[in-house]
Amino acid sequence: MKHFTSVADVPDVPTLIAAAAAAKANPYQDENLGRHKTLGLFFFNASLRTRLSTQKAAENLGMKVMVVNLNQEGWALEFQDGVVMDGNKPEHIREAAAVIGQYCDIIGVRSFPELKSREADYAETVLNGFRQWSGKPILSLESATRHPLQSLADALTIEELWKQHPDYGKRQPKVVLTWAPHPRALPQCVPNSFAEWMGHPSAGLDLTIVQPEGYELADEFSSGAKVSYDQDVALEGADFVYAKNWSSYHQYGQALKLDRDWMITTAKMSITNSGKLMHCLPTRRNVELADEVLDGSASVVIQQAGNRVPAAQAILKQLLLAR
Ligand code: SN0
C-alpha cells in the first residue's frame, strides 16, 4: 500500500482488519519496523482521537513523530498554480510539501472541506497537493471527502462485537447508518467513508443508510447500501446503529433543517435488535445522541475510539513495508 487516502488504496480489506486485530492483541510485535523513520502529522483542523491514536500507533512501531498544527503554526499555503503571490499566503504547496518530504518518511494530512464548492472539495486539492509535491506516502487524517482511518476502526469494532453475537456465522449483521441532528453543517467524510467500506460485498454485512430528504450521499459512496427516509423503519432489527450528522451533498454544504426528532434516544434504540450504538466522536450530547443512550450499555463509542490505535498501526505498518 503506497498511500492511504481511501478504501481504494487497500488491496484486501478483510486482511487489513485482521492485521488491525493482530496489532491490538500484540501492540509491540513490530516495534522496530519504524526505527529511524519519521511520521509527520499536519493538521489544518482540530483533532483529538486522530492525532493521539496515530501518534501512539507510530510510537508502537518505533517511529519518531512530528506534529504541526499547520493552520495555526505554519505559513498560510497557496494551492493554486500560476498565481501572483502578493496576497496573504506566503508559501506555495509545491515548496512546502517538497520540504516536508525532505524531513518525513510518511506524511499525514488533515484537511476538512470548506463546504462552499462541491467541485473544489471533491477535487481534494489539499490532500492531492501533498501527494503530488512531497514524493512521500500520504496518510489521510480526514480529508475533504473521506475519513478512512475512522472506517477501519469502525470495521474492527463491528467485527469484534459481531463475533460475540449468538447469530454470528448464521446471518449478516444489519448495520444502519443514520443521519442525526447537529447545530452546524458538517463534512460528509465520515458517512462517505463508512458507506464506501461497509457497502462493499467483502464487508459481509447488510447496510442501510437513512436520512431526511435532501441529505443523500453521492452515489459513488452509497451504491452498496439500501437507502431509506424513515428512521423508525430503518432501525427495525438493526444490530449496529451508526449515528452521524452530515451536511447536504446535493444542496452542497447546507444544513437544510435541524430535524430534532432524528436524535438517537432509548426509545429509538428499543426498535433495534439490541443494537449497539456507534459514533466517531466528537458528538453533541442531547442533539445527536441523548445522554441516556451515550451513557447506557448500548454505546460502544469508547471501544470504537480505542480501536483507532490498532487501525492506524495496521495502516502505518503497510505504508512502512511498501517503502
Ligand atoms: C468532524 C466531521 O467530519 O464531522 C470530525 C469527525 C471525526 N466533526 C466536527 O467537525 C464536529 C464539530 C462540531 O462542531 O461538533
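Use the structure listed above.
Here's what I pulled together on the structure shown here. Since the structure is predicted, the reported quantities are computational estimates derived from the model, not experimental observations.

1. Brief notes about the overall build of the protein chain
Stage number 1. Of the regular secondary structure elements, the protein chain holds 14 helices and 11 strands.
Stage number 2. Against the globule reference of 20 Å for 323 residues, the protein chain gives a C-alpha radius of gyration of 20 Å, in line with a compact fold.
Stage number 3. Principal-axis analysis of the C-alpha atoms gives the protein chain an extent of 55 × 45 × 30 Å.
Stage number 4. Within the protein chain, the fraction of its 323 residues that count as buried is 55%.
Stage number 5. Within the protein chain, contacts between residues separated by at least 24 positions form 78% of all contacts whose residues are at least 6 apart in sequence.
Stage number 6. When the accessible surface of the protein chain is summed, it comes to about 14200 Å², and 49% of that surface belongs to carbon and sulfur atoms.
Stage number 7. Each charge class in the protein chain can be summarised by its mean position, and for the 32 positive and 37 negative side chains these summaries are 6 Å apart.

2. With respect to the site of the ligand
Stage number 1. In the vicinity of the ligand, the contacting residues are F112, E142, H147, H182, R184, L186, P187, K244, C280, L281 and R284.
Stage number 2. Note that an oxygen atom of the ligand is positioned 2.6 Å from one of the side-chain N or O atoms of E142.
Stage number 3. Between the ligand and R184, the relevant distance is 2.6 Å, taken from an oxygen atom to a side-chain nitrogen or oxygen of the residue.
Stage number 4. Summarising the interface, the protein chains cover 86% of the accessible area of the ligand, which totals 410 Å² for the free molecule.

3. A short note on the packing of aromatic side chains
Stage number 1. Under the definition given, this model contains 10 aromatic pairs.
Stage number 2. An angle of 80 degrees between the planes, with centres 6.1 Å apart, marks the rings of Y122 and Y252 as edge-to-face. Placement of Y122 in helix α5 (residues 118-122) and of Y252 in the loop between β10 (240-244) and α11 (266-269) is noted, with a sequence separation of 130 residues between them.
Stage number 3. Their ring planes at 85 degrees and their centres at 6.0 Å tell us that W179 and W262 sit as a pair that is edge-to-face. On the criterion of sequence distance, the pair formed by W179 in strand β7 (residues 174-179) and W262 in the loop between β10 and α11 is long-range, its members being 83 residues apart.
Stage number 4. A residue is classified by how much of its surface remains accessible, and W179, at 1% relative accessible area, is buried.
Stage number 5. Given a relative accessible area of 9%, W262 falls into the buried group.
Stage number 6. Taken together, the ring pairs in this structure connect F42, F44, F79 and F130 into an aromatic cluster.

4. A look at a nonpolar patch on the surface
Stage number 1. Together, M66, V99 and Y103 make up an exposed nonpolar region whose accessible area comes to about 290 Å².
Stage number 2. Position of V99 relative to the elements: it lies in helix α4 (residues 93-103).
Stage number 3. Overall, the relative accessible area of 36% leaves V99 in the partly exposed class.

5. Describing unusual backbone geometry
Stage number 1. At the junction of L281 and P282, the peptide bond is cis and its omega measures out at 5 degrees in the coordinates.
Stage number 2. Structurally, the position occupied by P282 is in the loop between β11 (276-278) and α12 (291-294).
Stage number 3. Even without a glycine there, the phi angle at E142 is positive, about 100 degrees.
Stage number 4. What makes E142 buried here is its relative accessible area of 7%.

The rules behind these values
- Within each chain, residues carry numbers counting from 1 in the order of the written sequence.
- Predicted model: local features are reported for residues with pLDDT of at least 70 only, side-chain atom pairs are reported and counted for 80 or more only, and whole-chain, interface and lining totals are derived from all residues.
- As a rule here, side-chain values come from all non-hydrogen atoms in the structure, and water together with hydrogens is ignored.
- What counts as a helix is a DSSP run of H or I of at least four residues, what counts as a strand is a run of E of at least two, and both are numbered from the N terminus.
- Restricting the calculation to C-alpha atoms gives the radius of gyration, and the globule rule supplies 2.2 Å times the number of residues raised to the power 0.38.
- Throughout this description, buried means an accessible area under 20% of the type-specific maximum (1.4 Å probe, protein chains only), exposed means over 50%, and partly exposed covers the range between.
- By the convention used here, residues are in contact when the closest approach between their heavy atoms is within 4.5 Å.
- Here the accessible surface of atoms and residues is derived via Shrake-Rupley with a 1.4 Å probe, and residues count as covered only by protein chains that are part of the display.
- Positive charge is attributed to Lys and Arg, negative charge to Asp and Glu, and no charge count is given to His or to the chain ends.
- Taken as the charge centre is NZ of Lys, CZ of Arg, CG of Asp or CD of Glu, depending on the residue.
- One heavy atom suffices: a residue is near a molecule or strand as soon as one of its heavy atoms comes within 4 Å of it.
- In protein, a polar contact requires one atom able to donate a hydrogen and another able to accept it; more generally it is a pair of N or O atoms within 3.5 Å, and residues adjacent in sequence count only if both atoms are side-chain atoms.
- Pairing of aromatic rings covers Phe, Tyr and the six-membered ring of Trp, with a centre-to-centre limit of 6.5 Å; geometry is then stacked below 30 degrees between planes, edge-to-face above 60, and tilted otherwise.
- Patch criteria: residues need more than 30% relative accessible area and no salt bridge. Like-charged residues are merged within 9 Å; nonpolar side chains of Val, Leu, Ile, Met, Phe, Trp and Tyr are merged within 5 Å.
- By definition here, a salt bridge exists when the distance from a side-chain nitrogen of Lys or Arg to a carboxyl oxygen of Asp or Glu is within 4 Å.

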